[in-house]
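Fold and geometry: a report
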Amino acid sequence: MAKKRVHAEADLAPVAEINITPMVDVMLVLLIIFMVTAPLMMSQLPVTLPKASSAQSDKPKEPTVVSIDSNGNYFIDAGDGLGPLATAPDALQPRLIELSRQDPDTLVFVQGDSKIAYGRVVDLIGLVSLSGFSKVSLKSSKVDGGFGGDGAGLTPVP
């Protein structure tokens, strides 16, 4: 004779876990539906697009370099391939104003000889700014061996 199995109350308790298998099945079906219908939703209107005609700028503009040497002579290199041209002190600002009217967004580097007083370089920066240039920067050369040429006890901060 077969024994009759008696269910315990623990076997009849509700399961508190979520069965995600039906949810995954539904998501896969939706994914397949969207993959099939997405190419069909693309607009197939024949449109002729206009062509853009803009000048391509392969090479950035050369910056203008304004220099003062150890004798106090001024030079302007406008980046036109002519090199630095000596300029008299009284003709410096009119020449800079002329260059700024041609292109006020030109980057201007100011460089001064190391033997020139710092105040004269600052005056030159102010003169360039007053001439109409908005992008003015100092130009210096890289020194091997630290600051000040011989690195006299100066150590750069990392």
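Residues numbered from 1 in each chain as written. Predicted model: local features only at pLDDT ≥ 70, side-chain atom pairs only at ≥ 80, totals over all residues. Heavy atoms only, no water.

1. Notes on the confidence of the model for the chain
Considering every residue of the chain, the mean pLDDT works out to 79; 78% of them sit at 70 or more. Within the chain, strand β3 (residues 85–87) has the poorest average pLDDT of any element, 81, and helix α1 (residues 21–41) the best, 91. (pLDDT = per-residue confidence, 0-100. Helix = DSSP H or I, 4+ residues; strand = E, 2+ residues; numbered from the N terminus.)

2. Notes on the environment of L107
Here L107 lies in strand β4 (residues 107–112). Every residue in contact with L107, bar those within four places of it in the chain, is listed here: P63, T64 and K135. (Contact = heavy atoms within 4.5 Å.)

3. Regarding the nonpolar core
Core analysis: the biggest nonpolar cluster contains 14 residues, and V66, L92, L96, L124, V128 and F133 have the highest contact counts within it. Within the residue set of this core, elements represented by two or more residues are β1 (64–68), β2 (74–77), α2 (89–102), β4 and α3 (118–130). Excluding its chain neighbours within four sequence positions, the residues that come into contact with F133 are L96, L99, S100, D103, P104, T106, V108 and V128. (Core = buried A, V, L, I, M, F, W, Y, C linked by side-chain atoms within 4.5 Å. Buried < 20%, exposed > 50% of the residue type's maximum accessible area, 1.4 Å probe, protein only.)

4. Some details on the side chain of T106
Along the chain, T106 falls in the loop between α2 and β4. Of note is the side chain of T106, whose polar atom sits 2.9 Å from the backbone oxygen of D103. Not counting residues within four places of it along the chain, the set of residues in contact with T106 comprises E62, T64, F133 and K135. (Polar contact = N/O pair within 3.5 Å; in protein donor to acceptor, adjacent residues only side chain to side chain.)

5. Thoughts on the environment of S67
Tracing the backbone shows S67 in strand β1. As for S67 and P84, which are separated by 17 residues in sequence, their C-alpha atoms are 8.5 Å apart. Apart from the residues within four sequence positions on either side, S67 is in contact with N73, Y74, F75, Q111 and L124. Polar contacts involving the side chain of S67 include one to the side chain of Q111, which spans 2.9 Å.

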